[in-house]
Amino acid sequence: MALERVAQDGLVLLGCGKMGTALLTGWLGAGVPAASVWVIEPNPSDWLRGSGVHLNDGVPGAPAVALLAVKPQMMGAALPVLQALGNGGTLFLSIAAGTTIAAFEAALGHRTPIVRTMPNTPAMVNRGITALCRNAHVSDEGMALAVALMAAVGETVILDGEHQIDAVTAVSGSGPAYVFHLIEAMAAAGEAEGLSPEVAMQLARATVCGAGELAHRSADSAAQLRINVTSPGGTTAAALAVLMPELPGLMARAVKAAAERGRELGK
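These notes cover the structure that comes with them. (Residues numbered from 1 in each chain as written. Predicted model: local features only at pLDDT ≥ 70, side-chain atom pairs only at ≥ 80, totals over all residues. Heavy atoms only, no water.)

### Comments concerning helix H8 (residues 175-192)
Condition: Secondary structure is summarised from DSSP: a helix means a run of H or I of at least four residues, a strand means a run of E of at least two, and numbering begins at the N terminus for each. Multiplying one less than the number of residues by 1.5 Å gives the expected span of a helix. Categorising residues by exposure relies on relative accessible area from a 1.4 Å probe, with only protein chains included: less than 20% of the type maximum marks a residue as buried, more than 50% marks it as exposed, and the intermediate range marks it as partly exposed. Summarising the geometry, the arc corresponds to the directions from the helix axis toward the C-beta atoms. Contacts were defined at the residue level, with two residues in contact if any of their heavy atoms lie within 4.5 Å.
Spanning 18 residues, H8 covers 26 Å between terminal C-alpha atoms, matching the ideal 26 Å at 1.5 Å per step. All of the buried residues in H8 are Gly175, Pro176, Ile183, Ala187 and Gly190. Take H8 and look down its axis: the buried residues cluster within an arc of 135 degrees, on one side only. Within H8, the exposed residues directed more than 90 degrees away from the buried face are His181 and Ala192. For H8, the secondary structure elements touched by its buried residues are helix H7 (165-173) and helix H9 (197-217).

### What to know about the pairing of strand E1 (residues 11-14)
Our working definition: For two strands to pair, DSSP has to find at least two bridges joining them.
On E1, burial covers both faces: Leu11 and Leu13 on one face and Val12 and Leu14 on the other are all buried. Relative to strand E2 (residues 37-40), E1 runs parallel, the two being bridged by four bridges. Note on E2: the bridge partner recorded for Leu11 is Val37. Across four bridges, the pairing between E1 and strand E4 (residues 65-68) is parallel. Counted as the bridge partner of Leu13 is Leu67 from E4.

### Focus on the layout of surface pockets
Heads up, the condition is: Every definition here rests on a 1 Å grid over the protein atoms only: cavities are sets of points where a 1.4 Å probe fits but cannot get out, pockets are open sets enclosed by protein on both sides within 12 Å along at least five of seven lines, and lining residues have some atom within 4 Å of a point. Grid points are joined across faces, edges and corners, and a volume is the space filled by probe spheres set on the points. When residue character is reported, Ala, Val, Leu, Ile, Met, Phe, Trp, Tyr, Cys and Pro are called nonpolar, Asp, Glu, Lys and Arg charged, and the others, Gly included, polar.
Considering only enclosed or pocket space, the second largest pocket measures out at about 760 Å³ in volume. Lining the second largest pocket are 34 residues; nearest its centre among them are Met19, Lys71, Pro72, Ile95 and Ala97. Taken together, the elements giving at least two residues each to the lining of the second largest pocket come down to helix H2 (18-29), strand E6 (114-118), H7, H8 and helix H12 (247-265). For the lining of the second largest pocket, the element with the most residues is H12, which contributes four residues. Looking at the lining of the second largest pocket residue by residue, the class counts come to 18 nonpolar, ten polar and six charged.

### Looking at the packing of H8 against H9
What counts is decided by this rule: Each axis is a line fitted through C-alpha atoms, and for a helix only the stretch in contact is used; angles between axes span 0 to 180 degrees, taken between their N-to-C directions. Here is the rule for angles: anything less than 35 degrees is roughly parallel, anything more than 145 is roughly antiparallel, 65 through 115 is roughly perpendicular, and the remaining ranges are oblique. By convention the crossing between two helices is left-handed if the near helix lies anticlockwise of the far one by an angle smaller than a right angle, and right-handed if it lies clockwise.
Axis separation between H8 and H9 bottoms out at 8 Å; the angle between their running directions is 140 degrees. The orientation of H8 with respect to H9, classified from their angle, is oblique. For the pair H8 and H9, the sense of crossing is right-handed. Contacts between H8 and H9 pair Val179, Leu182, Ile183, Met186, Ala187, Gly190 and Glu191 from the former with Pro197, Ala200, Met201, Ala204, Arg205, Thr207 and Val208 from the latter.

### Some points on the pattern of salt bridges
Opposite charge on two side chains makes pairing possible when the charged atoms of those side chains draw close. Test applied: A pair is scored as a salt bridge if a Lys or Arg side-chain nitrogen falls within 4 Å of a carboxyl oxygen belonging to Asp or Glu.
Across all of its chains, the model carries seven salt bridges by this definition. A salt bridge links Lys256 to Glu260; its shortest N-O distance comes to 3.5 Å. Here Glu260 and Lys256 lie together in helix H12, a separation of four residues that amounts to about one turn. On the basis of relative accessibility, which here comes to 37%, the residue Glu260 falls in the partly exposed class.

### Structural notes on the environment of Ser51
Basically, it comes down to this: Any pair of nitrogen or oxygen atoms within 3.5 Å is treated as a polar contact; in protein, a donor-acceptor pairing is required on top of that, and neighbouring residues in sequence qualify only through side-chain atoms on both sides.
The topology assignment puts Ser51 in the loop between helix H3 (46-49) and strand E3 (54-55). Between the C-alpha atom of Ser51 and that of Leu24, which follows or precedes it by 27 residues, the distance is 9.5 Å. Within the structure, Ser51 has its side chain in polar contact with the backbone oxygen of Leu48 (distance 2.7 Å).

All we've got here are geometric facts, nothing functional implied.
This is the structure in structure tokens:
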């Protein structure tokens, strides 16, 4: 099991905010001993203090993995702590949006094995999806370890290369916000048709969550699931006649805007 190396050699987690906490919870649940984890976090939560990990207690000499989970704007201040581990056997794993592999290589050393990932916030309920890409110094064994660590909080997908990461950010990284906005818009539309705000919101939330679960469990394509709900000439068909000419183009523009912003931030 890939995580056995972490238990043996240790893991450093730089930053333990919401995403770091979700990952750490997943790893501890998957059997990584708390004693094998070193966390560097200036504002630790009560949960983190009581988790049994090494907290703000330096780093081991040659840990299996160092995971970078600080905000991109804090990365510069945080990296010096880990520079001694660069160009060695420690695998660096980044979940920081907008920081390129090249930037990490410049900071840590050009022979440092680095995997860049893009998770999303449903990781907090073990329903995330994380895309991963690596530099030339990451072995297949190292990549398998990175995948195993991110699989503790949901699904994983391996990219062809870092050039795809901005598209991933735009679809799944930012995507939960699009879905939350859909809930808001459906609830507001329900209110406009005479429902109370509370009932409209309950209906919208439950419908989006339920449809998502149905898509998750069903072998059918999304298109087929849509067709299954749509009786010819019925109410759903009337709504889709309004939505379908508009939504694909609107979503394409939204995702393009997010991807372009990601490319700007990466420069």
